[in-house]
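# Analysis of the macromolecular model
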Amino acid sequence: MKQNQKTVRMWMIICLLFSLGLATTENDRDFKMCGTWRHGNKSRNLKYDLRTGCSKIEISANESTLSVRGSITAKCTQSSSIQLYSNPLQNQSHFCVIWEPLLDLLIVEVNGKNHILCEPKGLQGTCCTDLSQGKIENAGLFGIVNGSIHGDIIRYAVMELYTFEGDSINCKEKFCDEASQKSRGPNMIENAVMKSNTKGRVDLPCAQSTVIEMEDGFTGLNITLPAPRTVAPNMIPSVYLPSCLKSKSRIKSKVVCTYYKEQKLFQGGKSDSTLLGDIVGLSVENEIIQNLPEPVKIRFHHLPLPANCSGRCVSWDTRKDNEVNWRYEGCATVKINEGETECHCNHLTYFAILVQVEQKATVRHLEALTFITAVGCALSLVSCLVLFYWLCKRRIGKKNQTSLVHRGLVVAIFILCLFFILTGTMANVGNKTVCEITGALLHYSLLSTLCWMAMEVFHTFLLVRKVFSSTPPPWVFYLGGFGLPALLVGMLLSIGEIYGERKIVPSENVNGPYHMCWMLENDNSRLAHYIINIGLLAVVVSSGAVMLFLVVREIRNRPDWKKIHVAFLSIWGLTCLFGTTWGLGFLDFGPLSEVTLFLFCIINSLQGFFLMLRYYALERMKKKDDSSSDRSSSGSSKQHMLQTHEKS
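These remarks concern the structure in this document.

Reading the values: rules and limits
- Per chain, the residues get numbers from 1 upward, laid out in the order the sequence is written.
- Residue-level local features of this predicted model are given only where pLDDT is at least 70; pairs of side-chain atoms are given and counted only at 80 or more, and the full residue set underlies all totals for whole chains, interfaces and linings.
- Note that the side-chain values use all heavy atoms of the structure and ignore hydrogens as well as water.
- By the criteria applied, helices consist of DSSP H or I runs no shorter than four residues and strands consist of E runs no shorter than two, each listed in order from the N terminus.
- Between buried and exposed lies partly exposed: a residue is buried under 20% and exposed over 50% of the maximum accessible area for its type, with that area taken using a 1.4 Å probe on protein chains only.
- The contact definition used throughout considers only heavy atoms, calling two residues in contact when any of these lie within 4.5 Å.
- To be clear on the numbers: accessible area is Shrake-Rupley with a 1.4 Å probe, and residue cover counts the displayed protein chains and nothing else.
- For two strands to count as paired, DSSP must find a minimum of two bridges between them.
- To qualify as a nonpolar core, a set must consist of buried Ala, Val, Leu, Ile, Met, Phe, Trp, Tyr and Cys residues joined through side-chain atoms within 4.5 Å.
- Orientation is described by lines fitted to C-alpha atoms, with helices fitted over the stretch in contact, and by angles between N-to-C directions that extend from 0 to 180 degrees.
- Any angle that is under 35 degrees is reported as roughly parallel, and any over 145 degrees as roughly antiparallel; angles of 65 to 115 degrees are reported as roughly perpendicular and all others as oblique.
- Helix crossings fall into two classes, left-handed where the near helix is turned counterclockwise from the far one by less than a right angle and right-handed where it is turned clockwise.
- The disulfide criterion is simple: two cysteine sulfur atoms within 2.5 Å.
- Cavities and pockets are defined on a 1 Å grid built over the protein atoms alone: a cavity is a set of grid points where a 1.4 Å probe fits but cannot escape, while a pocket is an open set with protein on both sides within 12 Å along at least five of seven lines, and lining residues are those with an atom within 4 Å of any such point.
- Grid points are joined across faces, edges and corners, and a volume is the space filled by probe spheres set on the points.
- Polar here means any residue outside two lists: the nonpolar Ala, Val, Leu, Ile, Met, Phe, Trp, Tyr, Cys and Pro, and the charged Asp, Glu, Lys and Arg; Gly therefore counts as polar.
- Here the expected length of a helix is defined as 1.5 Å per residue gap, with one fewer gap than residues.

Moving on to the overall build of the chain. Scanning the chain for helices and strands turns up 13 helices and 25 strands. Counting across all 648 residues of the chain, residues that qualify as buried make up 47%. By sequence separation, contacts in the chain at least 24 residues apart represent 69% of the contacts at least 6 residues apart. In the structure as shown, the chain presents an accessible area of about 32800 Å², 57% of it carried by carbon and sulfur atoms.

What follows is the structure, given as structure tokens:
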């Protein structure tokens, strides 16, 4: 019983699919009148008399003749008689009259055999369509029974004559309108072009096609697609058809290459992407082609893409997707230059191949990050001025190398914050030279800050470890903190095309990028960034982390460290002093990347403020502990060596 139920269900599904297939076929026909021809058992024939024009078509039948006559064609003028197969035992035959005005194609089907009365002669502009029922004449014993239009019964009774009247319209425009309203519109266009029995160019308002016939010995072909006159010749796509497209089992094969300038046939797909404009459809007659050993190449010409966009080749397989669904599989994107992109695809058949634009990596919360950094830099500027005044005041009347190193770092941070605030303003000035100089100065101040942090690490190491009996002269620190960055930036300026205007695109508004003067986005700039910036940062952060560990271990037994807030303040101050907070830049990945980015901007933009806060706290501690200050000034105890450094 269950097996029978499964069989019944299976047959129901098959019948449903078959009926849907018939509906699709019938919908592709502009006119299809069918019926049962009740005739005698003697010889029978099909008579036709067709003329150009658009008045009417008459379909009639009697005992021996099925007739089709009238004026509905665009170019076809035919008049003749066809002898039909006669079976003495058969007194009725099923027939259909099929009219496709776009192709100027008229077919009469009798008992499953097609008789082409008018063959396709290209796609027609003005044609006779929208045939509607007119005069009907009753018959006696012989005639047409169960006459129908697209499966809808008109008359069940025996009729001798059916008359249908038409209207003359622009067939190509109507066809394009119908195609644009259907999900498989591109298929309709390519099928119509394939059936048009035309070689070479075929024009439609919605597409331009070229039909190529591949014969034995086909070695491949480069073609420039036909396009509307409004398209500049240098912007028309071109296609390379490889020799492997030609089937060895066929003597001849047709390939249709179609150029679509309008995108209304391809609405849908990825909502976060935009079609670049030109679309190319490729199909081979009665074949599904995939996994080609040599790819088909489609070259698109376009305007240079915005900095926040990139082009990728995609295709739409209408056999898999009823709706537009662009896929990346099967196509490789080859960038020829800024205005040309080539798609190498290993498949085709009723596909549209195009370049799709998608957003490159953008910066989230750019406006908030810029505001936070600007406020932090402004606060650090004021803090650096105050701290520099304090350090100069303490220098009066005494030689102090520690104060010298601190002052160098404070000046470097001040210059860095100043140029970071000015870089956006200088970029909007619009002068290339000004922006290049500003970018170089910003880079110099960054390198100088990192180098002075390295000087802090080096100087603290000398204090803690007592490597030399005498300290290096001041010019060594100036050379390392200010001289080395100047040398590096000077070398980059001599290379050229390193500094200039840089655009940073916010994800919230890709059309409103932030302009700044910094290192450009080219190969030389990237190489300089990774070798100099990242390399120096890695050295400073790693050596600073090691030095921080050594210093904390050296002074962890000091009485003042019994207090939690003093220990925290000292570690935090030393962390900023030794540049280890810049190590957050190496943690910008994964789910915590946004948090890391905010912490990086907040902490490093406020470095000047944190250093001033640390110095102020140490001054307060010094006044409360005169005895400790006396011991540190003598410099005799290794344990208190850092205390001298801190209070200086």
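Glancing now at the pairing of strand 22 (residues 340-345). Most of strand 22 is tucked away: 6 of the 6 residues are buried. Residues Glu340, Glu342 and His344 point to one face of strand 22 and Thr341, Cys343 and Cys345 to the other, with burial holding for every one of them. Bridging between strand 19 (residues 296-301) and strand 22 involves 6 bridges; their strand directions are antiparallel. Paired with phenylalanine 300 across the bridge in strand 22 is threonine 341. Taken together, the 6 bridges between strand 21 (residues 331-337) and strand 22 define a ladder with antiparallel strand orientation. Note on strand 22: the bridge partner recorded for valine 334 is glutamate 342. Between strand 21 and strand 22, which pair antiparallel and follow one another directly, the connecting turn spans 2 residues.

The subject of this paragraph is the environment of glutamate 594. With respect to the secondary-structure elements, glutamate 594 resides in helix 10 (residues 593-605). For the pair formed by glutamate 594 and valine 363, sequence separation is 231 residues and the distance between their alpha carbons is 9.6 Å. Among all residues touching glutamate 594, those that are not within four sequence positions of it are Arg364 and His365.

Locating serine 148 in the fold gives a position in strand 10 (residues 143-149). In this structure serine 148 touches Lys32, Met33, Cys34, Ile153 and Ile154, once residues within four positions along its chain are discounted.

Attention now moves to the nonpolar core. Phe578 and Trp582 are the most contacted members of the largest nonpolar core, which has 56 residues in total. Elements with a minimum of two residues in this core: helix 4 (366-395), helix 5 (401-427), helix 6 (432-465), helix 7 (474-495), strand 25 (514-519), helix 8 (523-555), helix 9 (564-577) and helix 11 (607-624). Residues in contact with tryptophan 582, not counting those within four places in the same chain, are Leu416, Leu446, Leu450, Met453, Leu537, Val541, Phe600, Asn604 and Gln607. Grouped together as the second largest cluster of nonpolar side chains are 32 residues, Cys96, Leu102, Met188 and Met194 included.

Time to look at the packing of helix 5 against helix 7. Packing of helix 5 against helix 7 brings their axes to within 11 Å, and their N-to-C directions diverge by 15°. If you check the angle between helix 5 and helix 7, you find them roughly parallel. Crossing hand, helix 5 versus helix 7: right-handed. Only Pro474, Phe477, Tyr478 and Phe482 of helix 7 make contact with helix 5, whose side of the interface consists of Gln401, Leu404, Val405, Arg407, Gly408 and Val411.

Another aspect to go through is the state of the cysteines. Where two cysteines share a covalent bond between their sulfur atoms, that bond is called a disulfide. Taken as a whole, this structure holds 8 disulfides when the rule is applied. Disulfide pairing places cysteine 176 opposite cysteine 206 at an S-S distance of 2.2 Å. When the S-S torsion is -70°, as for the bridge of cysteine 176 with cysteine 206, the disulfide is left-handed. One end of the pair, cysteine 176, is in helix 2 (residues 171-180); the other, cysteine 206, is in the loop between strand 13 (200-203) and strand 14 (208-215), with 30 residues separating them in the sequence. By relative accessible area, which is 5% here, cysteine 176 ends up buried.

In terms of burial, helix 3 (residues 185-195) is a largely internal element, 9 of the 11 residues being buried. Residue asparagine 197 follows helix 3 closely and has a positive phi angle near 60°.

A few words on the environment of leucine 441. Mapped onto the elements, leucine 441 comes out in helix 6. The class for leucine 441 is partly exposed, based on a relative accessible area of 34%. Remark: the alpha-carbon pair of leucine 441 and alanine 486, spanning 45 residues in sequence, is separated by 9.3 Å.

For the structure on display, the rule yields 2 cavities of 30 Å³ or more. Empty space within the largest cavity amounts to approximately 80 Å³. Looking at the largest cavity, the residues that line it are Leu387, Leu391, His406, Leu409, Val410, Glu456, Leu577, Leu611, Arg614 and Tyr615. Only helix 4, helix 5 and helix 11 provide two or more residues apiece to the lining of the largest cavity. Tallied by class, residues from the lining of the largest cavity come to 7 nonpolar, 1 polar and 2 charged.

Looking now at helix 10. Between its first and last C-alpha, helix 10 extends 18 Å over 13 residues, near the 18 Å set by a 1.5 Å rise per residue. Among the residues of helix 10, Ser593, Thr596, Cys601, Ile603, Asn604 and Ser605 are the ones counted as buried.

On to the sheet that holds strand 16 (residues 238-241), then. With antiparallel pairing, the 5 strands of this open sheet are ordered in space as 15-16-19-22-21. Every interior strand has two partners, whereas the edge strands, strand 15 (221-224) and strand 21, have only one. For this sheet the average axis-to-axis angle between neighbouring strands, irrespective of direction, equals 15°. In terms of strand pairing, strand 15 meets strand 16 through 4 bridges, oriented antiparallel. Within the sheet, the bridge partner assigned to threonine 224 lies in strand 16 and is serine 238.

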